[in-house]
Amino acid sequence: MAHVKVFDTTLRDGEQSPGVNLNQLEKLEIAKQLERFGVDIMEAGFPASSQSEFHSVQTIARTIENASVTGLARAKKSDIDTAWEALKDAAEPRLHIFLATSPIHMTHKLQKTPQQVIETAVEMVSYARERFPQVEWSAEDACRSDLDFLVSIVERVIDAGATVINLPDTVGYTTPAEYGEMFRYIREHVPNIDQVSLSAHCHDDLGMAVANSLAAIENGATQIEGTINGIGERAGNASLEEIAVALTIRNNFYNFQTNLVLSEIKRTSDLVSKFTGMKVPRNKAVVGENAFAHESGIHQDGMLKNASTYEIITPEMVGIHKSNLVLGKHSGKHAFIDKINSLGYSLSEEKIKEAFASFKSLTDRKKEVTDEDLFTILTDVQTDSQELPKYKLETFQVQYGSQNIPTATVALTNPEGAREELAGTGRGSVEAIYNTLEGLIHEDIHLEDYRLNSIGEGRDALAEVHVRLTVNEVAVNGRGAAQDVLEASAHAFLNAVNRVLMDPKAYTKQTANI
Ligand code: KIV
Ligand code: ZN
């Protein structure tokens, strides 16, 4: 069976999703999970875009051993140099360099003639090859480019040393037949095409990103690019888990395999959804909550007789297991450590202590702690940077009555370690808490978005709140989980404030020039 490589860009194109901003610890955890998932290449970010992006790409490059780590660069020497500094310690460093080739981009964005674009691409690819053993070159907006121009530029950049040629559908414009045809044309007309791998990179503006990627594979692409849960710029990128499962389930048709470990899909999807705050739609293929739910009587009857009547993918295949009841009030530290090991976490002594304390306080209120609850506790602890001073919620109380003005009294410890307390009001309980927190924090804070989810099922399910704030004009996301909705709301607010106050530069997105 032929092999197709998987290039994940969740941490670069995915992170360009409107409203998403991940901190360095979250990016590192996602990178480690992508390694477990078995991606061949992961794009850790765009190192020249900011100091904080540089550090996070560098940390990922130094940590990941079983995948090639790459970073994006514009066709500029300074971007390439910065990317090399960030990536040089990677097990298999690789550069992803791009330049637009469509008339619309060359004229209006680059303001260069086609000849100048060829010269720049050739010069920058050969400059990059002086450092990087692997250089992928992307013809941005390939699908709206002239095919014969693409043939000439691709031939030239291969001569200049590119090892992978990527033909992105940057604006999600193409159809499967057209995209497949473009790959076929390039393969048949570029004389040195056998020296490189061909890669597909699709956006989902018309809902065809996955179908387009599969069409590219049928027509000679040996690498596909995409993101977990299909997150990304505008309508997103091709969803890697959908492509992987399609290649497996319809193996009789495609006859291609990947290195992906399908049973890691659920966990990878959950982690990305939690950290980005982008909830997976219930009806999304492969990872949506309803993907394995059967509502109609006829379907249920069929399922009971034989699951394959209505289910082409099994939940187990993608790592969904029946919710195990795991630990409870009487579980000790050993059982807890065994469980976290079996869930694949490796935490320091300090973090285990912190996680165990959160687990114990949860068991005071919740009889049965499920894997989903533990996933929340453990990922939160894992990405909590303990060393940095921050605001910490001590106590809060809310008075609410349908005829009264909701009032909150909140006590917190500030980053200097002093305890402060204040009471405030609002039109509802959450607003009363947020107004009071704003009074205690003395920064210019605005709430832009608030979302509430439940983790798992049942009356005692954990509440998870995602907020989007601007703090001193810097946009930042925060999340908090607790058994009580109001407590989760307070934690999410403080989580966002702490992130931005600890590292304001990290949240100033600099993707405008991509
Ligand atoms: O969609 C696109 O064209 C990109 C490039 C940077 C490869 O993401
Ligand atoms: Zn893209």
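The notes below deal with the structure included here. Since this is a predicted model, take the numbers as computed values, not measurements.

Conventions used here
- Residues numbered from 1 in each chain as written.
- Chains lettered and ligands numbered in written order.
- Predicted model: local features only at pLDDT ≥ 70, side-chain atom pairs only at ≥ 80, totals over all residues.
- Heavy atoms only, no water.
- Helix = DSSP H or I, 4+ residues; strand = E, 2+ residues; numbered from the N terminus.
- Rg over C-alpha atoms; globule rule 2.2 N^0.38 Å.
- Buried < 20%, exposed > 50% of the residue type's maximum accessible area, 1.4 Å probe, protein only.
- Contact = heavy atoms within 4.5 Å.
- Areas by Shrake-Rupley, 256 points an atom, 1.4 Å probe, with all protein chains shown as cover.
- Lys, Arg positive; Asp, Glu negative; His and termini not counted.
- Charge placed at Lys NZ, Arg CZ, Asp CG, Glu CD.
- Pairing = 2+ DSSP bridges.
- Axes fitted to C-alpha atoms, helices over the stretch in contact; angles between N-to-C directions.

1. Description of the overall build of the protein chain
- Within the protein chain, the regular secondary structure consists of 17 helices and 18 strands.
- Whereas a compact globule of 514 residues would reach a radius of gyration of roughly 24 Å, the protein chain reaches 25 Å, a difference of no more than 12%.
- In terms of principal-axis extent, the alpha carbons of the protein chain reach across some 75 × 60 × 45 Å.
- The buried share of the protein chain, reckoned over its 514 residues, is 54%.
- In the protein chain, 67% of the contacts between residues at least 6 apart in sequence involve partners at least 24 apart.
- Carbon and sulfur atoms form 49% of the exposed surface of the protein chain, whose accessible area is close to 22,600 Å².
- Of the side-chain charges in the protein chain, 49 are positive and 73 negative, and the distance between the mean point of each set is 3 Å.

2. With respect to the sheet that holds strand 8 (residues 197-202)
- Here we have 8 strands rolled up into a closed barrel, ordered 2-3-4-5-6-7-8-9, and parallel in their pairing. Neighbour-to-neighbour, the strand axes of the sheet open up by a mean angle of 25°, direction not taken into account.
- Summarising the sheet, strand 7 (residues 164-169) and strand 8 pair through 6 bridges and their orientation is parallel. Paired with Pro-168 across the two strands is His-201, which belongs to strand 8.
- The sheet strands contacting helix 3 (residues 77-87) are strand 4 (68-74) and strand 5 (94-100), and the helix crosses strand 4 at an angle near 160°.
- Against the sheet, helix 9 (residues 240-249) engages strand 2 (5-8) and strand 9 (223-226), with an angle of about 145° to strand 9.

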